[in-house]
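Coordinate inspection notes
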Amino acid sequence: MGDRGLKSRAPVIFVGHGSPMNALADNDFTRSLRELRALYPQPRAILVISAHWMTEGTWVTHMASPKTIHDFYGFPAALFDVRYPAPGSPAVADLVRETVKSSRIQPDDEMWGLDHGTWSVLRHIFPAADVPVLQLSLNIAQPASYHLELGRQLRGLRDQGVLILASGNIVHNLRKIRWEQDAAPFDWALEFDAWARDKLLARDETALSKEYLAFESGRLSVPTPDHYLPLLYALGASDSRDVLRFTFEGIQNASISMRTLVFNTPAG
Ligand code: ZN
């Protein structure tokens, strides 16, 4: 690792991952992911909060070689052939467990690995798969405030070179989905996506963690919490020293927001 990685604060990234097929695609979205690598070329490790690992209790992957999990059905064989062979890091997992004081983080040595919320994104940002990757589970029984607080507790890891990557979708309604990727977005999807953008710019933690279901477009955009909650980790792990930049925006399949954003602390 170069000195640069040790001295500067690792960024926080939230990616709207959308369809697993983005893992194999070459489109505007995946090209925008490839550009993120220049932000922080060699993190010590990447800690991912993926929409696709929901558990009772809160867990962190603790194995040295996490397996690639193909947690979907009905996709082409080529997608099931994808492997993302990044190492894990039991040492960084223990660091996460020690750093978080607000709740007990349990070590997972066999249950999980890397799901598609993680590898469909990381194979574009870090195609060499040479940086250790860990996942933190979503304790789905807990309210939004729990996830925001857990994000805050992870913030200090950034000073130790750990990049925080949250992977979900701000708008994610599969029941309303249209097959064409470029189908016209629903008005409520555009409305909620813009609402979230404005609240992020204002760092309005109360609105983003407590008010997002108080109106119709929020309830349609977040019919289940799994893809929204990772955003609260990104918000919590960032602070007013960070500059917020939206690196991709757009709605795929009428009801999936691909909005992707970075919190990065300017050097010096
Ligand atoms: Zn997903």
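Placed above this text is the structure.
Attention in this report is confined to the structure presented alongside it. (Residues numbered from 1 in each chain as written. Predicted model: local features only at pLDDT ≥ 70, side-chain atom pairs only at ≥ 80, totals over all residues. Heavy atoms only, no water.)

**A look at the overall build of the protein chain**
The number of helices and strands found in the protein chain is ten helices and ten strands. Computed over C-alpha atoms, the radius of gyration of the protein chain comes to 17 Å, within 12% of the 18 Å expected from 2.2 N^0.38 for 268 residues, which places it in the range of a compact globule. Principal-axis analysis of the C-alpha atoms places the extent of the protein chain at approximately 45 × 45 × 35 Å. Taking contacts inside the protein chain between residues at least 6 apart in sequence as the whole, the part at least 24 apart equals 81%. Carbon and sulfur atoms make up 52% of the accessible area of the protein chain, which amounts to about 11,300 Å² in all. (Helix = DSSP H or I, 4+ residues; strand = E, 2+ residues; numbered from the N terminus. Rg over C-alpha atoms; globule rule 2.2 N^0.38 Å. Contact = heavy atoms within 4.5 Å. Areas by Shrake-Rupley, 256 points an atom, 1.4 Å probe, with all protein chains shown as cover.)

**Considering the nonpolar core**
Membership of the largest hydrophobic core comes to 52 residues, with the highest contact counts inside it found for Leu-47, Leu-136, Leu-154, Leu-200, Leu-208 and Tyr-228. With seven residues, the single largest contributor to this core is helix α10 (residues 229–237). Not counting residues within four places of it along the chain, the set of residues in contact with Tyr-228 comprises Asn-169, Ile-170, Phe-192, Trp-195, Leu-208, Tyr-212 and Val-222. (Core = buried A, V, L, I, M, F, W, Y, C linked by side-chain atoms within 4.5 Å. Buried < 20%, exposed > 50% of the residue type's maximum accessible area, 1.4 Å probe, protein only.)

**Looking at the packing of aromatic side chains**
Under the criterion given, the structure shown has eleven aromatic pairs. On the numbers, 5.3 Å between centres and 20° between planes, the contact of Phe-192 with Trp-195 is stacked. Highlighted residues: Phe-192 and Trp-195, both in helix α7 (residues 187–201), separated by three residues, approximately one helical turn. Relative accessible area serves as the criterion here: at 0%, Phe-192 is assigned to the buried category. Overall, the relative accessible area of 17% leaves Trp-195 in the buried class. A ring pair is formed by Phe-192 and Phe-215, whose centres lie 6.1 Å apart and whose planes are at 40°; its orientation type is tilted. Highlighted residues: Phe-192 in helix α7 and Phe-215 in the loop between α8 (205–211) and α9 (216–221), separated in sequence by 23 residues. The partly exposed category is assigned to Phe-215, whose relative accessible area is 22%. One aromatic cluster in this structure is built from Phe-192, Trp-195, Tyr-212, Phe-215 and Tyr-228. Over the ring of Phe-246 we find Arg-259; its NZ or CZ atom is 4.8 Å from the centre of that ring. (Phe/Tyr/Trp six-rings, centres within 6.5 Å; stacked < 30°, edge-to-face > 60°. Lys NZ or Arg CZ within 6 Å of the ring centre and 35° of its normal.)

**Focus on the coordination of the zinc ion**
Around the zinc ion, the donor atoms from the protein are His-17 (NE2), His-52 (NE2) and His-227 (NE2), and they sit 2.0 to 2.1 Å away. Positions of the donor residues of the zinc ion along the chain correspond to the pattern H-x34-H-x174-H. On the criterion of sequence distance, the pair formed by His-17 in the loop between β1 (12–16) and α2 (28–35) and His-52 in strand β2 (residues 45–55) is long-range, its members being 35 residues apart. The buried category is assigned to His-17, whose relative accessible area is 1%. (Donors = N, O, S within 2.8 Å, 3.2 Å for Na, K, Ca; no water.)

**Some words on α2**
Listed as buried for α2 are Phe-29, Thr-30, Ser-32 and Leu-33. Angular distribution of buried residues about the axis of α2 spans 155°; they occupy a single face of the element. In α2, those exposed residues whose orientation departs by more than 90 degrees from the buried face are Asp-28 and Glu-35. Summarising the contacts, the buried residues of α2 are in contact with β1, α5 (116–125), β7 (243–248) and β10 (260–264). (Arc of directions from axis to C-beta.)

**Focus on the environment of Ala-214**
Within the fold, Ala-214 resides in the loop between α8 and α9. For Ala-214, a relative accessible area of 61% translates into the label exposed. Residues Ala-214 and His-62 lie 152 residues apart in sequence; the distance between their C-alpha atoms is 38 Å.

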